[in-house]
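Given next are the chains, with one letter for each unit.
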Amino acid sequence: MKQIPKVIIKDYLIFSIGLFLMIVTLEPFNTRDFIKTTPHAYLWFGLEAISFFLIFMLCEVVTTWRFHLPCDYSMPREYQIRRLLHIFIPCIVLNALFDGEFFSIVSNGWSGWRTIWFDEQGQFSLYCIMCDLMEALFVGSFLLAYMLFVTHLRMQKYVISELQEINSALETEQNYLKPQAEGASSKITISSYRNDTLIVDPQDILYIESMGNYLNVEYFDDSELRQKRLRSTLKDIEDMLAPYPYIFRIHRAFMVNINYITQISGNAAGYKVELFSTDKILPVSKSNVSIFKEKIKKHSI
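Residues numbered from 1 in each chain as written. Predicted model: local features only at pLDDT ≥ 70, side-chain atom pairs only at ≥ 80, totals over all residues. Heavy atoms only, no water.

Remarks on the pairing of strand β10 (residues 281-284)
On β10, burial follows the alternation: Leu282 and Val284 on one face are buried, whereas Ile281 and Pro283 on the facing-out side are not. Bridging between strand β9 (residues 270-275) and β10 involves four bridges; their strand directions are antiparallel. Residue pairing in the sheet places Glu274 in a bridge with Ile281 of β10. Count of turn residues in the β9/β10 antiparallel hairpin: five residues, of which Ser277 carries a positive phi of about 70 degrees. (Buried < 20%, exposed > 50% of the residue type's maximum accessible area, 1.4 Å probe, protein only. Helix = DSSP H or I, 4+ residues; strand = E, 2+ residues; numbered from the N terminus. Pairing = 2+ DSSP bridges.)

Below, the structure written as structure tokens:
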């Protein structure tokens, strides 16, 4: 069952309190006149802040359960933005509708609930409605900026924590320093469109790079790093190496042997892979991040 993290509830509570303090100190949107003419004005502002908090929580609940976009800082940036927009847009509309009516009722009694829709002459006024929408947009923009900021920080924190865990597992494994299992050697022949071939043990392949219509294969031969250029596609060699799960694609242009990964770095925007015996750093594309993490964790168990 999807859960709303306590930290999100705390965020909305902090924002609502901050909104209350901003209103009573800066007095935007003609609130100074309201304070002068309305008894217990600050109490009403406090109730408004509580209502904002409830609206935020309502939008969070709907986004989590109805649109299936729960808070998950392991998800990519595009997911986070889409999720926040599902919260942000309803917040603007609901705040615009509620805030105007709330203060109209406070100022004019229950009979004044319609005053947000009409001007002083009693005529329907689109301008009055737009003013309320602009005020709600102002509040919602602060909420969106705040949530984008904290989301970015938490995504970074999640990535750092995950990288530490993965790199710790890699250090424990040290696969590239281990001798191959007896009888594990099984050489394959990688063919080229030009009838050029490479006979190699898959365990000796360091990485494969696609370079247009060519492939550059980096591999070990008697502990010496060599390279071979073949006229072929990464898709063809990916199918050939399918029985060897420790070699897999991490990018549209790269396949890597997990046994030779020495370090993984990066941030919320993506990962980078450092390899044994070479200074070349390989990128991990966003579409391959999930399977990359799954492969690393399974391999380290």
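As for the sheet that holds β9
Hydrogen bonding along the main chain pairs the strands of a sheet, whether they run parallel or antiparallel. Reading across the sheet, the three strands line up as β8-β9-β10 and stay open at both edges, with antiparallel pairing between neighbours. Every interior strand has two partners, whereas the edge strands, β8 (261-267) and β10, have only one. Adjacent strand axes in the sheet meet at a mean angle of 25 degrees, parallel and antiparallel pairs treated alike. (Axes fitted to C-alpha atoms, helices over the stretch in contact; angles between N-to-C directions.)

Concerning the packing of aromatic side chains
Scanning the entire structure with this criterion turns up 11 aromatic pairs. Judged by centre distance (6.2 Å) and plane angle (35 degrees), the ring pair of Phe15 and Tyr146 falls under tilted. With Phe15 in helix α1 (residues 6-26) and Tyr146 in helix α5 (residues 126-173), this residue pair connects regions lying 131 residues apart in the sequence. On the basis of relative accessible area, Phe15 is assigned to the buried category, the value being 10%. Owing to a relative accessible area of 23%, Tyr146 belongs among the partly exposed residues under this scheme. (Phe/Tyr/Trp six-rings, centres within 6.5 Å; stacked < 30°, edge-to-face > 60°.)

Overview of the sheet that holds strand β6 (residues 247-251)
Taken in spatial order, the five strands make up an open sheet running β5-β4-β3-β7-β6, and their pairing is antiparallel. The open sheet has two edge strands, β5 (224-230) and β6, and neither has a second partner. Between one strand axis and the next, the sheet turns by 20 degrees as a mean value, whatever way the strands run. When strand β3 (residues 205-211) meets strand β7 (residues 254-257), the two strands line up antiparallel, connected through three bridges. The partner of Ile208 across the bridge, within β7, is Met255.

Some thoughts on the state of the cysteines
Tallied over the entire structure, the rule returns zero disulfides. Cysteine Cys59 shares no disulfide, and the gap to the nearest cysteine sulfur, in Cys91, comes to 3.6 Å. (Disulfide = S-S within 2.5 Å.)

Some details on the side chain of Glu60
The residue Glu60 is located in helix α3 (residues 41-66) in this model. On the basis of relative accessibility, which here comes to 0%, the residue Glu60 falls in the buried class. Here Glu60 is in contact with Ile4, Ile8, Tyr12, Arg83 and Ile87, once residues within four sequence places are set aside. (Contact = heavy atoms within 4.5 Å.)

Topic: the pattern of salt bridges
The final tally for this structure, using the stated rule, is 10 salt bridges. Glu162 serves as the salt-bridge partner of Lys293, at 3.3 Å between the closest nitrogen and oxygen. Of the two residues, Lys293 is situated in helix α7 (residues 289-300) and Glu162 in helix α5; the sequence distance between them amounts to 131 residues. What makes Lys293 buried here is its relative accessible area of 12%. The shortest N-O distance in the salt bridge between Asp221 and Arg226 comes to 3.3 Å. The class of Asp221 is partly exposed, set by a relative accessible area of 32%. The structure contains a network of salt bridges with shared partners spanning Asp221, Glu224 and Arg226. (Salt bridge = Lys/Arg side-chain N within 4 Å of Asp/Glu carboxyl O.)

Overview of the environment of Ile55
By the element assignment, Ile55 lies in helix α3. Remark: the alpha-carbon pair of Ile55 and Asn95, spanning 40 residues in sequence, is separated by 7.5 Å. Apart from residues no more than four positions distant in its own chain, Ile55 is found in contact with Cys91, Leu94, Asn95 and Phe98.

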